[in-house]
Amino acid sequence: MNVLITGTSSGIGQTTALYFLKKGHNVTGFDVSPSTIENDNYTHYIIDVRNKENFPVIDAPHIIVNNAGVQESGSDIDINLKGVINITEHYAFNNENIKSVVNVGSASGHTGSEFPEYAASKGGLMSYTKNVANRLAPKAICNSIDPGGVITDLNKPVMDDPALWEQIMDLTPLKRWATTEEIAEWIYFVGVTNRFMTGQNLLIDGGEAGYNQFIWVD
């Protein structure tokens, strides 16, 4: 199948592109940075998801993975939310091939934690996922994968601080963060293997958001 993935030069997007390539798919990647992937079945475009007038003509994708995102950039809503809307409206609709759209959200959309504009962008993405699911049905599906902590360069400021890391682990029942490979596997399952679930926002955070300690007498 033809797969379009945004934000493929690093992190979750890069790992997801490599995972789809390993599974035999043709992948087109969009990123503001140059390609970091060498594969005969991979095509890269340097694209800013905010600039829809510059979107290239590509083979109609069967799967779209909206992954490109920023954090506390001053443009979180423009990139994390409006960028997803730009890509989806342009490439998912009026597309006879489309089967699935997967939006990469965040646990922040569920909890409201983190930076204000970032949390708002991811909360909006959850609602937009349901909107697209309703509009693509019955032809195609749309869901979001909403990770908590993931081991990426973006998160190094807290990962490399022992005191902050200890605080985070105290809040995380599984006592670790996800790898990018684990998130890529979820994206593939939801986008390719799954054919019946749609309009859902899957929280994948090691139990952090639902961690409540019950205090009682011994």
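Above this text sits the structure in question.
Residues numbered from 1 in each chain as written. Predicted model: local features only at pLDDT ≥ 70, side-chain atom pairs only at ≥ 80, totals over all residues. Heavy atoms only, no water.

A.B. asks: Go over helix α7 (residues 180–193) with me, naming the residues and quoting the values.
C.D. replies: Structurally, the α-helix is built with 3.6 residues per turn, so residues lying three or four positions apart point the same way. Its 14 residues give α7 an end-to-end C-alpha distance of 19 Å, which sits within 8% of 20 Å, the value for a rise of 1.5 Å per residue. Taken as a whole, α7 has its buried residues at Thr-180, Ile-183, Ala-184, Ile-187, Tyr-188, Val-190, Gly-191 and Val-192. Those residues of α7 that are buried are in contact with α1 (11–22), β4 (63–66), β5 (100–104), β6 (141–147) and β7 (201–204). (Helix = DSSP H or I, 4+ residues; strand = E, 2+ residues; numbered from the N terminus. Expected span 1.5 Å × (residues − 1). Buried < 20%, exposed > 50% of the residue type's maximum accessible area, 1.4 Å probe, protein only. Contact = heavy atoms within 4.5 Å.)

A.B. asks: Go over the pairing of strand β2 (residues 26–31), please, and point to the residues and values.
C.D. replies: In terms of residue burial, β2 counts as a mostly covered element, since five of its six residues are buried. In this fold, strand β1 (residues 2–6) hands off to α1, which returns the chain to β2; that crossover is right-handed. Pairing of β2 with strand β3 (residues 42–46), which is carried by five bridges, proceeds in the parallel orientation. Bridging from a neighbouring strand, Gly-29 pairs with His-44 of β3. (Right-handed = clockwise from strand over helix to strand, strands pointing away. Pairing = 2+ DSSP bridges.)

A.B. asks: Report on the packing of α1 against α7, specifying residues and quantitative values.
C.D. replies: Where α1 meets α7, the closest approach of the two axes is 8 Å, and the angle between their N-to-C directions is 60 degrees. Here α1 lies oblique to α7, going by the angle between them. Viewed along their axes, α1 and α7 form a crossing whose handedness is right-handed. Residues Gly-11, Ile-12, Thr-15, Thr-16, Tyr-19 and Phe-20 of α1 pack against Thr-180, Glu-181, Ile-183, Ala-184, Glu-185, Ile-187, Tyr-188 and Val-192 of α7. When its residues are assigned to classes, the contact of α1 with α7 shows eight nonpolar, four polar and two charged. (Axes fitted to C-alpha atoms, helices over the stretch in contact; angles between N-to-C directions. Parallel < 35°, antiparallel > 145°, perpendicular 65-115°, else oblique. Left-handed = near helix turned anticlockwise from the far one by under 90°. Nonpolar A, V, L, I, M, F, W, Y, C, P; charged D, E, K, R; others polar.)

A.B. asks: Let's hear about the packing of aromatic side chains: which residues, and what values?
C.D. replies: Inspection of every chain in the model, using the stated rule, returns seven aromatic pairs. Arranged with centres 5.9 Å apart and planes meeting at 65 degrees, the rings of Phe-30 and Tyr-91 form a pair that is edge-to-face. Placement of Phe-30 in strand β2 and of Tyr-91 in helix α2 (residues 76–91) is noted, with a sequence separation of 61 residues between them. Side by side, Phe-30 and Tyr-91 carry an identical accessibility label, which is buried. Through pairs of rings, three or more aromatic residues link up here, namely Phe-30, Tyr-45, Phe-55 and Tyr-91. (Phe/Tyr/Trp six-rings, centres within 6.5 Å; stacked < 30°, edge-to-face > 60°.)

By themselves, these are just geometric observations and shouldn't be taken as functional.
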